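So the chains spell out like this:
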Amino acid sequence: MHLSHRVLGAAFALLALAFPLSASAGHGSADDASPNMVHLANLPPPAEFRTCDRGSAACFNSDLAFWAGGGLRGGFTEILAQGNYEGFRLVDISNPASPSTISVVECRTNQGDVSFYQARNRLLLIQSIEEPVTTPDCTTAVETPIVPGTNPVTGTPALFRQKGFEGLRIFDVSDPGSPTHIASVRTRCGSHTHTTIRDDRNQRAVVYVSSYPSGLRVTRTEDLGTLPEQPNCLPDHNRISIVEIPDAAPQDAHVLKEQPLDTDTVIWNATGNGGSQVRGCHDITVFGAGERKVAAGACLSEGQLWDVSDPANPTTDVPGWHTHIRNPFVTASPAPPFTGLFHTASFTWDGEIVLFTDEWQGGGAHGCDGPQDTRGNIWFYDNVEPGATAPLRGRYILPRAQPPSEACTQHNGNVIPTNDGYIGVSSAYQAGTTVFDFSDVLSFPAITDPNPSSVPTVATEVAYFDAKADPSGATGVDNAWSSYWHNNYVYVSSGLASAARPGNRGLDVYMLLGANGRLVPAVTDPSAPNVGQYRARILRYQNPQTQD
Amino acid sequence: MRWAAAALLAVLALTGCTRDGEAPADRVARSGTVEVAAEPGAISWPFAADGRVYRGADEGRPLAGPLSDALVGALTPLLVPNPGGDVLVYQSWSGRRPVLRVHDAESGRDALLVDGALSIAWREGRIAYVRALRPDVSVPKRYVGHVVVRPGLTGREARWTPSPGRYVVAAWAGRRLLVYRLGESWPDLLALDRPGRVRLLARAGALVAVSPDGRRAFLARYGASPPTVRVVEVATGRELERLSLPGMRWVTESGSWSAGRVTAATSEGVAVFDVRDGRLQLEQVLRFPPEEFQFAGLEPRLDASGGRVTAWASLAPRPREAVGAAVVVECDRFTLRCARSAPFPETPGPRVVYNPSRP
């Protein structure tokens, strides 16, 4: 009798959860994986997300957020939120080997990144809507149509998405079984992603909204006067929106201000339809607790560091108080073939290093060619005081060459909270999830002027899982959008659709194995007596964009 | 060298080696939803993306400057070939300014042609473009300049516009020049008969195509609902034919005129109009599967035989989020089957290589 990798993995996980590790991790299916990364569970997408009836054909799962901070009704102890272009779902992960969907909210977004925030005794879920939908209300919201118009900045005719609601929606999810939509906040150019920061001194959440006016997202001239309550999306943007959510009255959430980026921010190589230029941020990650906070902005053509100790007043445009990080392998200007994208940032938990992922060509191009390829890398910089020059230490790329049909990119990930070296987790679309050790990064010399011959790879892959078992079958193959370490497990969102599962793989849960309590070196014999589940610090909650 | 020969063939096709009015083979062109190949394949029509110019199954030839649609969008081709197909003038970007570059496919030489300039029309050796008064862009809507013409890749510029404005050169129509004038709303289409003589050809006018002899222009009207298309005489502006299209929401610029047919990008896909012998009839609509494409069929090129349509298309969102992805599709309009290129970032390309002016 042949047991599948997943069945063995799940059985192993249950054993591992109940007893000291003694069993063998099953392996040998068509999935491409390292022996120390065990697939525990797959939670298919809910029926509501298998039919895209509120917008374009996309019903993709997007980002994840985690909550284990208590205060949940219904007896739930640990949950995650999984965003989807059609809404979100809440999942009970109190038993990671057997996640179960608690509730599904159908509410058209577009991308739909999520975060949690506790406002007094209420747990809130905040979700991004990055392209216009017809209404903030969940019941009837659908994508607005694509219509001809003129670009308000260039005057050039093109196609645009008709103006509608875009920004943030806020839900009360204190009862995870019954989420309630309590507020909507309209932001300029919508919200591609957002970053939720606790501001305890002022008893509020401060939310940084990342957005940018590329492609269809520009508000056409013909819509500038319509729907006046919705800010127009005017190129080149070059700002973030800052939203305040008062603890006492989250339903009164509002835009606190629009914060300009520095005028020297590099223009992105992509344009808004009608030939307008684009500047803005794709994603922002905040590091630090208490009085001292720093933000890493993944701002399309460049990375930036800001002092956000006063979260409502980030030093984005304060001379001498912010850092520009430019990289000839990523920064688009001035010439091809450098068409990368600063996508997402994360920090080591000691604050020494900041990582930026490169979603090369926006994830729209062919696969990485192997270790020598400088596209689609993760880049490691010293996390300097904002204003100082941030030297580059090196890079990490998937050691496994990809076929041309896959996208060459590093997408969303985080760093494992441990004092035992630096270990990162990242999603790489069809290449699945990669776990990499960059503990020696500081031993490499600082590089202030990177050039093609002098940027070393400073990390090695120590675990990975690339689900390929049934490309046209019931589960689908990997297309990892977000891969995060959380409380001793790796959670992965999304996957390519298959005939039997039009809503993609859904959610996957993995466990890493270590030897003698360490992940490195990689386990080669899962049945060895010194092998066990690799563990790290437990967090009360985790919005991967906020490391506090 | 092989690439240059292939490009030559392509440009010969572009120029319409069959006389205007010749019908394609007597095959039936029916409207319908095309079937697009699932996997990327070779596209015979040249196009540019990712800093390279591709044709067929080749690996592409690199351009030295970035291809840029800044300030021009899809009003005008970004890469315009000479009659031999071995030289391209293309729209690029440098620092804070648009520039025109010239690329010689034969030698690989790629050099700056004009600094602070945008849009290209190239016919019988004469190159028209807009030269900015100040090359750096600060406020795009105030990026004004003059339409200028020079006798070739070298030679002195002659100013054709009496006053500066936000112009985008569209195409030569014989010895006349068709130019957009951008303003606060839809652009107007102007005809420049000679240096200093400017007249309005169509208010809110979208130039779909110029007839191969340069005497007629096929126009749509921006913002019209339902859309209406017209054939006008360029020399006089006189309307020759008109057709209302109540089943469509819009028809837009940058189509093609070949083999007695005009192709146009529309809300429904690529429309093919029969314009032989003074006719103006909607012959066919090639629709693209909405589950695969967000919008499709922009800058549709019809080959000299009248059988194949090449255009670019925006893919429906995929789990590749930062920018949309786009492909070039090449369709047999009789079998309704299409090849597709590999995906590329949606802006500024991929963009097909064409010359709406004809040599």
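Quick caveat: nothing in here was measured; it's all calculated off a predicted structure. (Residues numbered from 1 in each chain as written. Chains lettered and ligands numbered in written order. Predicted model: local features only at pLDDT ≥ 70, side-chain atom pairs only at ≥ 80, totals over all residues. Heavy atoms only, no water.)

Attention now goes to the overall build of chain B. Per the secondary structure count, chain B includes one helix and 31 strands. Burial status across chain B gives 64% buried among its 359 residues. The contacts in chain B between residues at least 6 apart in sequence include a share of 50% that link residues at least 24 apart. Accessible surface, chain B as shown: approximately 13100 Å² in total, 49% of it carbon and sulfur. (Helix = DSSP H or I, 4+ residues; strand = E, 2+ residues; numbered from the N terminus. Buried < 20%, exposed > 50% of the residue type's maximum accessible area, 1.4 Å probe, protein only. Contact = heavy atoms within 4.5 Å. Areas by Shrake-Rupley, 256 points an atom, 1.4 Å probe, with all protein chains shown as cover.)

So, on to the sheet that holds strand 31 (residues 351–352) of chain B. Across the sheet, which stays open at both edges, the four strands sit in the order 5-4-3-31 (chain B) with antiparallel pairing between neighbours. Each end of this open sheet is capped by a strand with a single partner; those strands are strand 5 (61–62) and strand 31 of chain B. (Pairing = 2+ DSSP bridges.)

The next point concerns the sheet that holds strand 12 (residues 180–186) of chain A. All names here are of chain A. Taken together, the four strands give an open sheet; going across it, the order is 7-8-11-12, and neighbouring strands pair in antiparallel fashion. The strands lining the two open edges of the sheet, one partner per strand, are strand 7 (114–119) and strand 12. Direction aside, neighbouring strands of the sheet carry axes that sit 30° apart on average. The pairing of strand 8 (residues 122–133) with strand 11 (residues 165–172) spans seven bridges and is classified as antiparallel. (Axes fitted to C-alpha atoms, helices over the stretch in contact; angles between N-to-C directions.)

Bringing the side chain of Glu461 of chain A into the picture now. All names here are of chain A. Note that Glu461 resides in strand 28 (residues 460–466). Within the local environment of Glu461, its side chain forms a polar contact with the side chain of Tyr396, the two groups lying 3.5 Å apart. Of note is the side chain of Glu461, whose polar atom sits 2.8 Å from the side chain of Arg400. Beyond its immediate chain neighbours, meaning those up to four positions away, Glu461 contacts Tyr396, Leu398, Pro399, Arg400, Thr434, Val435 and Phe436. (Polar contact = N/O pair within 3.5 Å; in protein donor to acceptor, adjacent residues only side chain to side chain.)

Taken residue by residue, the interface counts 44 residues in chain B and 57 residues in chain A. Interface area, chain B with chain A, both sides summed: about 3700 Å², of which 58% is carbon and sulfur. Linking chain B with chain A are zero salt bridges. Summed over the shared surface of chain B and chain A, the result is seven residue pairs in polar contact (both at pLDDT 80 or more). Going through the elements one at a time, strand 26 (293–302) and strand 30 (344–345) of chain B are the ones with two or more residues in the side of chain B that touches chain A. If you tally residues by element for the side of chain B that touches chain A, the top one is strand 26 of chain B, at three residues. Grouping the amino acids of the side of chain B that touches chain A by side-chain chemistry returns 25 nonpolar, seven polar and 12 charged. (Buried area = accessible area lost by both parts, 1.4 Å probe. Salt bridge = Lys/Arg side-chain N within 4 Å of Asp/Glu carboxyl O. Nonpolar A, V, L, I, M, F, W, Y, C, P; charged D, E, K, R; others polar.)

With that settled, consider the packing of aromatic side chains. For the structure on display, the rule yields 26 aromatic pairs over all chains. Taking 5.6 Å as the distance between ring centres and 85° as the angle between the ring planes, the aromatic pair formed by Phe60 of chain A and Tyr85 of chain A counts as edge-to-face. With Phe60 of chain A in the loop between strand 2 (37–43) and strand 3 (61–67) and Tyr85 of chain A in the loop between strand 4 (79–84) and strand 5 (87–92), this pair connects stretches of sequence that are 25 residues apart. Here Phe60 of chain A falls in the buried class, since its relative accessible area comes to 11%. Geometrically, the ring pair formed by Tyr54 of chain B and Phe344 of chain B is tilted, given 5.7 Å between the ring centres and 45° between the ring planes. A residue pair is termed long-range when its members are at least 10 positions apart, and Tyr54 of chain B in strand 4 (residues 52–56) and Phe344 of chain B in strand 30 qualify at 290 residues. Taken as a pair, Tyr54 of chain B and Phe344 of chain B share a single burial class, namely buried. Through a chain of ring-to-ring contacts, three or more aromatic side chains come together here, namely Phe380, Tyr396, Tyr422, Phe436 and Phe438 of chain A. Of note, Arg400 of chain A hangs over the ring of Tyr464 of chain A, and the distance from its end group to the ring centre comes to 4.0 Å. The ring of Tyr354 of chain B has Arg301 of chain B sitting right over it, with the charged end atom 3.6 Å from the ring centre. (Phe/Tyr/Trp six-rings, centres within 6.5 Å; stacked < 30°, edge-to-face > 60°. Lys NZ or Arg CZ within 6 Å of the ring centre and 35° of its normal.)

Let us now look at the confidence of the model for chain B. Per-residue pLDDT for chain B averages 89, and the proportion of residues at 70 or more is 89%. Listed scores for the predicted complex are pTM 0.91 and ipTM 0.88. (pLDDT = per-residue confidence, 0-100.)

Moving on, we come to the state of the cysteines. Residue and element names in this part refer to chain A. What the rule picks out here adds up to four disulfides over all chains. One disulfide bridge connects Cys281 with Cys299, the sulfur atoms lying 2.1 Å from each other. Between Cys281 and Cys299, the S-S dihedral sits near 65°, and the bridge is therefore right-handed. Of this pair, Cys281 sits in the loop between strand 16 (254–260) and strand 17 (283–287) while Cys299 sits in strand 18 (residues 294–299), placing them 18 residues apart in sequence. Both residues of the pair, Cys281 and Cys299, count as buried. (Disulfide = S-S within 2.5 Å.)

Looking now at the nonpolar core. Residues and elements named next belong to chain B. With 70 residues, the main nonpolar core has Leu79, Leu177, Leu178, Leu207, Phe218 and Phe273 as its most contacted residues. Looking at this core element by element, the count peaks at seven residues for strand 14 (residues 167–173). Discounting residues that sit within four places of it in the chain, Leu178 has contacts with Val169, Ala170, Ala171, Ala173, Leu189, Leu190, Ala191, Leu201, Leu207, Val210, Ala217 and Val234. (Core = buried A, V, L, I, M, F, W, Y, C linked by side-chain atoms within 4.5 Å.)

With that out of the way, let us pick up the pairing of strand 5 of chain A. All names here are of chain A. Counting buried residues along strand 5, six of its six residues qualify, which places the element largely inside the surrounding structure. Burial of strand 5 is two-sided: the residues Gly87, Arg89 and Val91 facing one way and the residues Phe88, Leu90 and Asp92 facing the other way are all buried. Judged from the six bridges that link them, strand 4 and strand 5 form a sheet pairing that is antiparallel. Residue pairing for strand 5: Ile79 is matched across the bridge by Asp92. Two successive antiparallel strands, strand 4 and strand 5, enclose a turn made up of two residues. As judged from the six bridges shared by strand 5 and strand 6 (residues 100–106), these two strands associate in the antiparallel manner. Within strand 6, the position partnered with Gly87 by the bridge is Glu106.

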